[in-house]
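# Results of the structural survey
The chain contents come next:
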Amino acid sequence: MRIDSMVYTNQVYGPKNARRSPYAAQTGQTKDALEISDFGNAYQVAKQAAKGTEPVREDRVKEIKAQLENGTYNVPLSAVAEKMAAQLLG
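Summary of the structure given here. (Residues numbered from 1 in each chain as written. Predicted model: local features only at pLDDT ≥ 70, side-chain atom pairs only at ≥ 80, totals over all residues. Heavy atoms only, no water.)

### Side note on the overall build of the protein
Defined as follows: For the purposes of this entry, the term helix denotes a DSSP run of H or I that reaches at least four residues, the term strand denotes a run of E that reaches at least two, and both are numbered from the N terminus. Partly exposed residues are those whose accessible area sits between 20% and 50% of the maximum for their type, while under 20% is buried and over 50% is exposed, using a 1.4 Å probe and protein chains only. All accessibility values rest on the Shrake-Rupley procedure with a 1.4 Å probe; residue burial counts only the protein chains present in the view.
When you go through the protein residue by residue, the secondary structure sums to five helices and zero strands. Reading the secondary structure of the protein in the N-to-C direction produces α-α-α-α-α. Evaluated residue by residue, the protein yields a buried proportion of 2% over its 90 residues. Here the protein displays about 9300 Å² of accessible surface, and carbon together with sulfur accounts for 56% of that area.

Encoded structure:
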(Lines give C-alpha, C1' and ligand atoms only; values in the text may rest on other atoms or scores of the structure.)
Protein backbone atom coordinates (compact mmCIF):
# COMPACT_ATOMS: atom_id res chain seq x y z
CA MET A 1 0.00 0.00 0.00
CA ARG A 2 1.30 3.39 -0.92
CA ILE A 3 1.14 6.02 1.81
CA ASP A 4 1.16 8.96 -0.57
CA SER A 5 -2.24 7.89 -1.97
CA MET A 6 -3.78 8.48 1.48
CA VAL A 7 -3.33 12.21 1.03
CA TYR A 8 -5.66 12.18 -1.95
CA THR A 9 -8.16 9.98 -0.11
CA ASN A 10 -8.21 12.38 2.83
CA GLN A 11 -8.82 15.28 0.48
CA VAL A 12 -11.81 13.54 -1.10
CA TYR A 13 -13.41 12.17 2.08
CA GLY A 14 -12.24 14.76 4.56
CA PRO A 15 -14.54 16.82 6.77
CA LYS A 16 -14.41 19.87 4.50
CA ASN A 17 -16.30 17.93 1.79
CA ALA A 18 -18.93 16.48 4.12
CA ARG A 19 -22.47 17.34 3.13
CA ARG A 20 -24.60 19.16 5.67
CA SER A 21 -28.33 19.43 5.85
CA PRO A 22 -29.56 22.61 4.17
CA TYR A 23 -31.89 23.16 7.15
CA ALA A 24 -29.03 23.14 9.64
CA ALA A 25 -27.22 25.80 7.63
CA GLN A 26 -30.30 28.03 7.47
CA THR A 27 -31.27 27.87 11.13
CA GLY A 28 -27.83 27.60 12.64
CA GLN A 29 -28.99 24.70 14.79
CA THR A 30 -27.13 21.46 14.94
CA LYS A 31 -29.45 19.75 17.47
CA ASP A 32 -32.31 17.48 16.53
CA ALA A 33 -35.76 19.01 16.69
CA LEU A 34 -39.30 17.70 16.67
CA GLU A 35 -42.19 19.60 15.16
CA ILE A 36 -45.74 18.30 15.52
CA SER A 37 -48.11 19.11 12.68
CA ASP A 38 -51.40 20.93 13.11
CA PHE A 39 -53.18 17.63 12.53
CA GLY A 40 -51.16 16.03 15.34
CA ASN A 41 -52.05 18.87 17.69
CA ALA A 42 -55.74 18.63 16.78
CA TYR A 43 -55.62 14.87 17.30
CA GLN A 44 -54.19 15.30 20.79
CA VAL A 45 -56.88 17.85 21.70
CA ALA A 46 -59.62 15.53 20.41
CA LYS A 47 -58.13 12.60 22.29
CA GLN A 48 -58.12 14.57 25.55
CA ALA A 49 -61.73 15.68 24.97
CA ALA A 50 -62.83 12.10 24.31
CA LYS A 51 -61.38 10.93 27.63
CA GLY A 52 -63.97 12.97 29.51
CA THR A 53 -67.00 11.58 27.67
CA GLU A 54 -69.21 8.62 28.42
CA PRO A 55 -68.51 5.33 26.66
CA VAL A 56 -70.67 4.50 23.63
CA ARG A 57 -73.82 2.59 24.49
CA GLU A 58 -73.73 -0.13 21.85
CA ASP A 59 -77.21 -1.41 22.69
CA ARG A 60 -78.75 2.03 22.15
CA VAL A 61 -76.83 2.52 18.89
CA LYS A 62 -78.08 -0.83 17.56
CA GLU A 63 -81.63 0.03 18.57
CA ILE A 64 -81.55 3.39 16.76
CA LYS A 65 -79.94 1.84 13.65
CA ALA A 66 -82.71 -0.76 13.50
CA GLN A 67 -85.35 1.97 13.84
CA LEU A 68 -83.72 3.99 11.05
CA GLU A 69 -83.62 0.97 8.73
CA ASN A 70 -87.28 0.19 9.45
CA GLY A 71 -88.34 3.81 9.08
CA THR A 72 -89.79 3.91 12.59
CA TYR A 73 -87.29 6.32 14.15
CA ASN A 74 -89.07 9.54 15.10
CA VAL A 75 -87.75 12.62 16.84
CA PRO A 76 -90.35 15.02 18.24
CA LEU A 77 -90.14 18.48 16.65
CA SER A 78 -90.30 20.08 20.09
CA ALA A 79 -87.06 18.30 21.07
CA VAL A 80 -85.37 19.50 17.88
CA ALA A 81 -86.56 23.07 18.49
CA GLU A 82 -85.33 23.02 22.09
CA LYS A 83 -81.86 21.81 21.05
CA MET A 84 -81.63 24.42 18.28
CA ALA A 85 -82.68 27.22 20.65
CA ALA A 86 -80.18 26.06 23.27
CA GLN A 87 -77.36 26.13 20.72
CA LEU A 88 -78.32 29.52 19.33
CA LEU A 89 -78.82 31.17 22.70
CA GLY A 90 -75.80 29.54 24.27
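### Structural notes on helix α5 (residues 77-89)
The cut-off we apply is this: Working rule for helices: expected span equals 1.5 Å times residues minus one.
Between its terminal C-alpha atoms α5 stretches 18 Å, which fits the 18 Å expected from 13 residues at 1.5 Å a residue. Backbone geometry just after α5 places G90 at a positive phi near 80°.

### Description of a nonpolar patch on the surface
Worth spelling out the cut-off: The residues that make up patches have over 30% relative accessible area and no salt bridge, and they are joined within 9 Å when like-charged or within 5 Å when they are Val, Leu, Ile, Met, Phe, Trp or Tyr. By convention in these notes, a salt bridge is any Lys or Arg side-chain nitrogen within 4 Å of a carboxyl oxygen on Asp or Glu.
Together, L68, Y73, V75, V80 and M84 line one region of the surface with nonpolar side chains, adding up to about 440 Å² of accessible area. By secondary structure assignment, the location of V80 is in helix α5. Judged by its relative accessible area of 35%, V80 is partly exposed.

### Here we look at the pattern of salt bridges
For the structure on display, the rule yields one salt bridge. Note that E63 and R60 form a salt bridge whose closest N and O atoms lie 3.0 Å from each other. One end of the pair, E63, and the other, R60, are both in helix α4 (residues 58-70), three residues apart, so they sit about a helical turn from each other. Given a relative accessible area of 39%, E63 falls into the partly exposed group.

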